[in-house]
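Topology and contacts: notes
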Protein chains: 2
Amino acid sequence: MKSDALRGHLDALLLATLDGGQLHGYAIIEALQRRSGGALDLPTGTVYPALRRLETAGLVASEWSTVGGRQRRTYRLTKAGKRALDAERTAWREFTTAIEGVLGGGPWPAQA
Amino acid sequence: MKSDALRGHLDALLLATLDGGQLHGYAIIEALQRRSGGALDLPTGTVYPALRRLETAGLVASEWSTVGGRQRRTYRLTKAGKRALDAERTAWREFTTAIEGVLGGGPWPAQA
DNA sequence: CCATATATGTAGACACGCTACCTAACATCC
DNA sequence: GGATGTTAGGTAGCGTGTCTACATATATGG
């Protein structure tokens, strides 16, 4: 998958991943791989800054914990984040509807 | 619709629009509006450079003509463009499958 | 005459995902 | 003891594609 395709949809992916419960960054990356059937393999340089952006925007909140001597920052959706997720899902449907209206299933008549 | 969402999908839209027959730039913008149900209203500063990029890549070809005293540059798909369109449609299906696997229809079990 | 629609185009800004790199603890194998 | 791999978090800076804003020109309608 070409990387630009994801532009503007990453926030929706991260919020949706946290919808099932809190996760730490590394686990989010693994969850995205699993749920996408291996199609999404996001680098940490993409995910960590995006999570900080979402936290600054108030859509997720995080807490530090230590598990087996390793530091973990666990993220969870805020209420605003849940609302944002709903909006993202709606936007996604509108987006795909618009694109598929153009992509169609094959050739179109020139001036329908 | 947020503008970044389109990133990486514009080429597919333009190629698909030309799949029904040759069109000039302005008509392509109108066709995109029509086919997307009004959701897509691309500025000329987006479409014209993109068409030149596609022409440089050999996916479309263009010819000048004059209609009613106005200059028109009419674009059509090349064979490479048709192949590229097929590839774009396949990529689109893979993309939406991946995203929808993550977005799902609602909450997921934490560790399926 | 002026506004609007038709039609094409360029220059520069900006957002954001990616590459590349760094740190650190623990586990395993030899 | 050390090499390697996995888990875990992070930053700096780049690339690039879309957008904003602007420029040009003809035809039409008021």
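Residues numbered from 1 in each chain as written. Chains lettered and ligands numbered in written order. Predicted model: local features only at pLDDT ≥ 70, side-chain atom pairs only at ≥ 80, totals over all residues.

Glancing now at helix α2 (residues 25-35) of chain A. When we look at burial in α2 of chain A, the residues that qualify are Ile28, Ile29, Ala31, Leu32 and Arg35 of chain A. All buried residues of α2 of chain A fall inside an arc of 165 degrees around its axis, so they share one side. Against the buried residues of α2 of chain A lie α1 (10-18), β1 (23-24) and α3 (44-56) of chain A together with α4 (79-103) of chain B. Once α2 of chain A finishes, Gly37 of chain A follows within two positions and takes phi at roughly 70 degrees, a positive value. (Buried ≥ 20, exposed ≤ 12 C-beta atoms within 10 Å, placed from the backbone. Helix = DSSP H or I, 4+ residues; strand = E, 2+ residues; numbered from the N terminus. Arc of directions from axis to C-beta. Contact = placed C-beta atoms within 7 Å.)

Once that is clear, we can look at the packing of α1 of chain A against α4 of chain B. Where α1 of chain A meets α4 of chain B, the closest approach of the two axes is 8 Å, and the angle between their N-to-C directions is 35 degrees. On α4 of chain B, the residues that touch Ala12, Leu13, Ala16 and Thr17 of chain A of α1 of chain A are Ile99, Val102 and Leu103 of chain B. Partitioned by chemical class, the residues of the contact of α1 of chain A with α4 of chain B number six nonpolar, one polar and no charged. (Axes fitted to C-alpha atoms, helices over the stretch in contact; angles between N-to-C directions. Nonpolar A, V, L, I, M, F, W, Y, C, P; charged D, E, K, R; others polar.)

Our focus in this paragraph is the sheet that holds strand β3 (residues 70-77) of chain A. All names here are of chain A. The three strands are arranged β1-β3-β2 in an open sheet whose pairing can be described as antiparallel. Taken across any chain shown, the strands that pair with only one partner, and hence form the sheet edges, are β1 and β2 (60-67). Pairing between β2 and β3: eight bridges, direction antiparallel. By the bridge assignment, Trp64 is partnered in β3 with Arg73. Where α3 meets the sheet, its contacts fall on β2 and β3, and the angle it forms with β2 comes to roughly 125 degrees. (Pairing = 2+ DSSP bridges.)

So, about the relation of the copies chain B and chain A. Least-squares fitting of chain B to chain A yields an RMSD of 0.1 Å, with the superposition described by an axial translation of 0.0 Å and a rotation of 180 degrees. The transformation relating the two chain copies, once decomposed into turn and shift, fits a two-fold axis. Residue Arg7 of chain B, judged by its C-alpha, is the member of chain B lying nearest the rotation axis, at 2.9 Å. In this assembly the copies share their binding face: 100% of the residues contributing to the interface of chain B also contribute to that of chain A. (Least-squares fit on C-alpha atoms with pLDDT ≥ 70 in both.)

Neighbouring DNA strand D are 30 residues, the closest being Gly25 and Tyr26 of chain A together with Gly45, Thr46 and Gly69 of chain B. Put simply, the parts of the chain that give the surface near DNA strand D at least two residues each are α2, α3 and β3 of chain A together with α3 (44-56) of chain B. Residue composition of the surface near DNA strand D, grouped by class: eleven nonpolar, twelve polar and seven charged. (Near = placed C-beta within 6 Å.)

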